[in-house]
Amino acid sequence: MSHDKLIRMANQIATFFRSQPGSDQVEKVAAHLKDYWAPEMRADLKAQAADHAQEMDDLVRRALPLI
Amino acid sequence: MKDFIIPWGDDRDMGTPAKEGAPVTLEIDGFSVTVPEGTSVMRAAAIAGLQIPKLCASDNLEAFGSCRLCVVEIEGRRGTPASCTTPVAPGMVVRTQSEQVQRIRKGVMELYISDHPLDCLTCSANGDCELQDMAGVVGLRDQRFEAPEGGMRTHFARRDTSGEANPEYIPKDDSNPYFTYDPAKCIVCNRCVRACEEVQGTFALTIQGRGFESRVSAGGVGDDFLSSDCVSCGACVQACPTATLQEKSVIELGTPTRSVITTCAYCGVGCSFKAELNGDQLVRMVPYKNGAANRGHSCVKGRFAYGYATHSDRILKPMIRERIDQPWREVSWDEALGFAADKLRGIQAKYGRKSVGVITSSRCTNEETYLVQKLARAVFLNNNTDTCARVCHSPTGYGLGQTFGTSAGTQNFDSVGKADVVVVIGANPTDGHPVFASRLKKRLRAGAKLIVIDPRRIDLVKSAHVEAAHHLALRPGTNVAVVTAMAHVIVTEGLYDEGFIRERCDWDEFAEYAEFVSDARHSPEATEMLTGVPAEELRAAARLYATGGNGAIYYGLGVTEHSQGSTTVMGIANLAMLTGNIGRDGVGVNPLRGQNNVQGSCDMGSFPHELPGYRHVKGAEVRAIFEAAWGVEIDAEPGLRIPNMLDAAVSGRFKGLYCQGEDILQSDPDTRHVAAGLAAMDCVIVHDLFLNETANYAHVFLPGSTFLEKDGTFTNAERRINRVRKVMAPRNGYADWEITQMLANAILAAEDRPLWHYTHPARIMEEIAATTPGFAHVDYAMLEEKGSVQWPCNDANPEGSPIMHVEGFVRGKGRFIVTEYVATEERTGPRFPLLLTTGRILSQYNVGAQTRRTPNTVWHTEDVLEIHPHDAEVRGVKEGDWVKLASRSGETAMRAHLTDRVSPGVVYTTFHHPTTQANVITTDYSDWATNCPEYKVTAVQVGLSNGPTEWQEEYDALAERARRILPAAE
Ligand code: SF4
Ligand code: SF4
Ligand code: SF4
Ligand code: FES
């Protein structure tokens, strides 16, 4: 799937969880992606990290290994 | 109107409304009756089984006391009081029949009949006329008024005896497409006027003139029904005891002889109707008095707009084609299903198990939706199932699930009658949910306060006898900022309900939340620049909601269809928890669902991540239940959502789609992208009534059945499970649940797997009840007995649950969630300086596939662009001009309508007509949590144009080509 769209969607999720209290934002982003994104979408997102890491929210980057 | 058809349950007219009060015992004609204090003598008699003659009374209207046909004798009282206006008293002794009252009643009837035409045999109300009945009941045998010289003066004769035109005569008003007003038959009982006021709340009718000259009149001088404020709800027609206000269908087809109770298939109010027929010919739909959602009221759509069911555009035979540039070929069901099954199996073999999916529809029944998601999970063996609720209320599912623990409105509709402060956010009930709006307006007229939060000045803000205390006309896209600012006021001014929060919610989460919202940057003053809402107004609204008594929130798609839709839903839930407005009558958080079965399609596991009953597919114990029931292994990973399916199609991984009752091409955002996705698929199966827009890209068309042609259940916005009953045989041959089953079986047979064997939707409901805890006690026998039931209905709530979270939240402790405002990426700028928001109007329904095929089009022939006169002026746009509407996604053209209902900087349109293609404009931005598209905010530019755009013309041509059907080979 096109990288700009997936990354934008993932970044939106990160933005929400960044605003939440606590210290487990990375886990929450990962949990949300796992609960609502089909595995192929998660795989695409991971694959896109190679070329487009700089477009990804830091929380998304850190959540990638968990999904 | 009297009930001359054998009723289902008791729906007699009891004369005056029910009352609540201490029991009072009295004697009527020797029978002892006990009724609540305040009940009329007429109603008490009716309860005892004694019908007192009446003309001006009806039990959905307050007693009026004008006809004096209902007189009775009461021991110890002088004269003969009217029983409809006389309340009962303890020990009262009433006689409903005596020489004296009979004489009076006869006299009354004689007076009426002296000015009424006696053409009963050819009258359209013959057999269905209360005047006729009463003449019979009182024993009227002759009419003793002597005609004065020159003949009797009447208001119904066109000419007097000398041949001169009668100045009193008023011709019939035929202007409304569905009913006529024939003043010649009017007895001026006032029921229509009161129905329009008390039941509908529109105040379109008045009695003009006095005494003999008095007449019912719609609107002002020179108005007819169509040009008046009348919204064609039909309440007056139903109230009229004579043929004066009469359905045109009855005039044409005759009075019906049988009836079936069923449920409206339009909006989420879920009104119950009596479908009245002769044989299998539907004569009219009459709102059913015992319907718990509508209590005998209806709107123009459910009451009148059913003609699409027999429209000539309906496709009744299955059709296939290899490629979408070919014309359609009509084939047998076997061939069509075999073709579809081969294609889908071929795709799965070549591209993998996950390369196909389904879209269920919120228009279909629970049983149908359940089968469609089962088709994905148990036949395709993947979780690629989604529903059109994705594009409307998916944020409700997420937001309320996170905060309260369940995805549903908390109240029943009756609850609005107990509300003191009603907040309407991003919804337009008078157009979208008309019957709920009527009930709300009734409550507002009785003194409840209203707060409207909407960019547009919707009708509720100011209409007859209703005015909002506050209208917060926010900039589209700033919902979260406004809701959070309200919470700021409630917390910082100490208006929250600490007792409730301590008992019912997680206190630590509250503390974090309170700290968050107390921050000065969330104050109304700080956010005023952003939201456009004056700080003082917002503060006043927040105070009113927090302190005005029972506070109830109703919201619609103006909340959900945003990039922060889910966050706003959580913000709304926060407000209700903060103020303790949850868990009892008159309060709550209530999503107004767009389509009839949005609630049900979500309940039935249509979403790709959850099985029926909102249980995530990752739960092994939940999967085990369905694995046992279905004999397959269920995928533990979520599947694709609609936008993801389309994206995957464009990238070549998603190739086959079964789309039931849903027109994604017209209703989903960014039409070009949807079209590209559909065009990239190898097999698109459309199962619908009409060749809809999506069908332009389809390879298989399976003709669907209407709600009149099948059995099933719909679940409305108050979680009420209502029966849909088969009124006539399906014209296409099969009910939709049968078609899904045939498709499943065509695939299963080819793979040598066990087939499905449902024989009736009741069997499907048994499976739902057996697998889904909230439905455990639901079955058709129970629905037959109770009429309807609100889930959860199980061991803990055997009678169902009118109100949720009464003892505690479904998830245990209510959860406060921090709601940080994040601006949407869709921003205005020099190229696209205006914000477009979308909505719908009363007479049309969503993409209009049904309502456009009924006479409802007289109220709305095309979509228009509402623009503020200031914005219009700087662009040189005048009323009625063709304008081009452009966004970064595309452009379309429509006519402009100048109005200050929208603020400067905001434009608005509806999306009922395919030629408008309003979704060519909308973007692919979506809610962060659910991918619900951001329909409600698009940055656009508006400029003058000459007419339809090239895209519109090209599309029309393409649609025409795609709809060709080859004549059937004989
Ligand atoms: S149809 Fe409804 S709105 Fe119109 S006049 Fe009758 S009651 Fe009023
Ligand atoms: S139109 Fe019908 S309901 Fe209205 S006043 Fe005349 S008779 Fe009564
Ligand atoms: S469209 Fe809605 S309000 Fe109108 S009759 Fe149908 S269910 Fe009732
Ligand atoms: S019914 Fe009581 S006065 Fe008309």
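Glancing now at the pairing of strand β9 (residues 258-263) of chain B. Residues and elements named next belong to chain B. Within β9, five of the six residues are buried, which leaves it mostly tucked inside the rest of the structure. Bridge analysis of β9 against strand β10 (residues 272-278) gives six bridges, and the strand direction is antiparallel. From the neighbouring strand, Thr262 faces β10, where its bridge partner is Phe273.

For sheets, the rule is that strands pair by backbone hydrogen bonds, running either parallel or antiparallel. All names here are of chain B. Read around the barrel, six strands follow the order β31-β35-β32-β34-β33-β36 and close on themselves; strand pairing throughout is mixed. This sheet shows a mean twist of 45° between the axes of neighbouring strands, independent of strand direction. Relative to strand β36 (residues 938-944), strand β31 (residues 834-839) runs antiparallel, the two sharing three bridges. Residue Leu835 lies in a different strand from β36, and its bridge partner there is Ala939.

A few words on the nonpolar core. Leu205 and Leu245 of chain B are the most contacted members of the largest nonpolar core, which has 66 residues in total. Sort the elements by how many residues they give to this core and helix α12 (residues 434-445) of chain B lands first, with four residues. Not counting residues up to four positions away in its chain, the partners in contact with Leu205 of chain B are Cys192, Val193, Cys196, Glu197, Val216, Ser217, Ala218, Phe225 and Cys236 of chain B. Residues Leu6 and Trp37 of chain A together with Leu640 and Leu691 of chain B belong to the second largest nonpolar core, which totals 59 residues.

On to the environment of Glu785 of chain B, then. With respect to the helices and strands, the residue Glu785 of chain B is situated in helix α27 (residues 780-786). With 137 residues separating them in the primary sequence, Glu785 of chain B and Thr922 of chain B have C-alpha atoms 46 Å apart.

Residue and element names in this part refer to chain B. Segmenting chain B into domains produces domain 1 (23-137), domain 2 (179-310), domain 3 (319-392 + 598-790), domain 4 (394-591) and domain 5 (834-962). Contacts between the two partners involve 21 residues from domain 2, matched on the other side by 19 residues from domain 3. Three residues, Thr263, Tyr308 and Ala309, lead the burial of domain 2 against domain 3; their summed loss comes to 29% of the area buried on that side. Our count for the domain 2 to domain 3 interface comes out at eight residue pairs in polar contact (both at pLDDT 80 or more). If you list the elements that add at least two residues to the side of domain 2 that touches domain 3, you get β9, β10 and β11 (281-287).

Okay, the site of ligand 3 next. All names here are of chain B. Around ligand 3, the surrounding shell consists of Cys264, Tyr266, Cys267, Gly270, Cys271, Phe273, Cys299, Lys301, Gly302, Pro434 and Val435. At the level of secondary structure, the elements contributing two or more residues to the shell around ligand 3 comprise α7 (300-304) and α12. For the shell around ligand 3, a count of residues per class yields eight nonpolar, two polar and one charged.

All names here are of chain B. If you check the shell around ligand 1, you find Phe179, Cys196, Gln200, Leu205, Phe225, Cys230, Val231, Ser232, Cys233, Gly234, Ala235 and Cys236 and nothing else. Among the secondary structure elements, those contributing two or more residues to the shell around ligand 1 are α4 (191-200) and α5 (235-239). Along the lines of polarity and charge, the residues of the shell around ligand 1 split into nine nonpolar, three polar and no charged.

Quick notes on the rules
- Residues numbered from 1 in each chain as written.
- Chains lettered and ligands numbered in written order.
- Predicted model: local features only at pLDDT ≥ 70, side-chain atom pairs only at ≥ 80, totals over all residues.
- Heavy atoms only, no water.
- Buried < 20%, exposed > 50% of the residue type's maximum accessible area, 1.4 Å probe, protein only.
- Helix = DSSP H or I, 4+ residues; strand = E, 2+ residues; numbered from the N terminus.
- Pairing = 2+ DSSP bridges.
- Axes fitted to C-alpha atoms, helices over the stretch in contact; angles between N-to-C directions.
- Core = buried A, V, L, I, M, F, W, Y, C linked by side-chain atoms within 4.5 Å.
- Contact = heavy atoms within 4.5 Å.
- Domains from an automatic or database assignment.
- Buried area = accessible area lost by both parts, 1.4 Å probe.
- Polar contact = N/O pair within 3.5 Å; in protein donor to acceptor, adjacent residues only side chain to side chain.
- Near = heavy atom within 4 Å.
- Nonpolar A, V, L, I, M, F, W, Y, C, P; charged D, E, K, R; others polar.

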